[in-house]
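# Inside the fold
Here's the letter readout for the chains.
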Amino acid sequence: DGGITQSPKYLFRKEGQNVTLSCEQNLNHDAMYWYRQDPGQGLRLIYYSQIVNDFQKGDIAEGYSVSREKKESFPLTVTSAQKNPTAFYLCASSIEVTGMMAIQYFGAGTRLSVL
Amino acid sequence: QKEVEQNSGPLSVPEGAIASLNCTYSDRGSQSFFWYRQYSGKSPELIMFIYSNGDKEDGRFTAQLNKASQYVSLLIRDSQPSDSATYLCAVKEGGSYIPTFGRGTSLIVHP
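Everything in this summary refers to the structure shown in the same document. (Residues numbered from 1 in each chain as written. Chains lettered and ligands numbered in written order. Predicted model: local features only at pLDDT ≥ 70, side-chain atom pairs only at ≥ 80, totals over all residues. Heavy atoms only, no water.)

### Some points on the overall build of chain A
Along its length, chain A carries 0 helices and 11 strands. Reading the helices (α) and strands (β) of chain A from amino to carboxyl end gives β-β-β-β-β-β-β-β-β-β-β. By the compact-globule yardstick of 13 Å for 115 residues, chain A fits well, its C-alpha radius of gyration being 14 Å. Residue pairs at least 24 apart in sequence account for 52% of intrachain contacts in chain A once pairs closer than 6 positions are excluded. Summing over all exposed atoms, chain A offers an accessible surface of approximately 5600 Å²; the carbon and sulfur share of this is 49%. Of note, chain A has its 11 positive side-chain charges centred 8 Å away from the centre of its 11 negative side-chain charges. (Helix = DSSP H or I, 4+ residues; strand = E, 2+ residues; numbered from the N terminus. Rg over C-alpha atoms; globule rule 2.2 N^0.38 Å. Contact = heavy atoms within 4.5 Å. Areas by Shrake-Rupley, 256 points an atom, 1.4 Å probe, with all protein chains shown as cover. Lys, Arg positive; Asp, Glu negative; His and termini not counted. Charge placed at Lys NZ, Arg CZ, Asp CG, Glu CD.)

### Re the nonpolar core
Formed by 23 residues in total, the largest nonpolar core has its most connected members in B:Trp35, B:Val72, B:Leu74, B:Ile76 and B:Tyr87. Looking at this core, the elements that each hand over two or more residues are strand S3 (19-25), strand S4 (30-38), strand S5 (45-50), strand S7 (61-66), strand S8 (71-76), strand S9 (85-93) and strand S11 (105-110) of chain B. Residues in contact with B:Ile76, not counting those within four places in the same chain, are B:Ala17, B:Ile18, B:Ala19, B:Leu21, B:Arg60, B:Phe61, B:Asp83, B:Tyr87 and B:Leu107. Ranked by size, the runner-up nonpolar core spans 19 residues in total, among them A:Ile4, A:Val19, A:Ala61 and A:Leu76. (Core = buried A, V, L, I, M, F, W, Y, C linked by side-chain atoms within 4.5 Å. Buried < 20%, exposed > 50% of the residue type's maximum accessible area, 1.4 Å probe, protein only.)

### Brief notes about the pattern of salt bridges
Should their charged atoms come close, side chains of opposite charge can pair. Tallied over the full model, the rule gives 6 salt bridges over all chains. Among the salt bridges present, the one from A:Arg44 reaches A:Asp38, with a minimum N-O distance of 2.8 Å. Owing to a relative accessible area of 36%, A:Arg44 belongs among the partly exposed residues under this scheme. Assessed through its relative accessible area of 13%, A:Asp38 is described here as buried. We note a salt bridge from B:Arg60 to B:Asp83, for which the minimum N-O separation is 2.9 Å. Separated by 23 residues along the polypeptide, B:Arg60 in the loop between strand S6 (54-58) and S7 and B:Asp83 in the loop between S8 and S9 bring together distant segments of the chain. Judged by its relative accessible area of 1%, B:Asp83 is buried. One salt-bridge network, in which partners are shared between bridges, spans A:Arg36, A:Asp38 and A:Arg44. (Salt bridge = Lys/Arg side-chain N within 4 Å of Asp/Glu carboxyl O.)

Have a look at this one:
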């Protein structure tokens, strides 16, 4: 089945610890994204990547890092510099359609909590 | 600053009624418009996209776009309790990979 797989589903972080959220897609999509969603809030863009070995900061990149070594994979590291990491993290991917549209499809998400 | 506004709700409708969800946007250069459904604790699921003025229908769902007035709406006919969810509107400028999301409207369909 084609899709976007995020793991783990739930993750707990200790004080001062870095944690990495996995995102893998087999849709052959070029672009991948990471969003953060807090209760009652919309989606806020953390990082995005349009092509392998290239990525750009979104609106709230501080305290996060990413890599894009393979087309299929876009892992997100939540570093100890991110003081309020508790949130629902969503990975998405997209492929241009008709030259005008990048339709985003989402993974199931990772819920991160602080111990 | 691009903005996408949605009434947070909740919008409560009886089963079988038409639910009307609205979204306004600030960027006149916007060309692509998306509606996602998000059940509590789950990730967003794409329902529809539209990029031409007018209506686009898919089953019980109709998306309506009015670029002159800068709004897009989603109509759900014959609403079912299973339609109870938060509906996110997303708007994208042509040539951009990055949509701007609204905060969503909570819909409750009661039996």
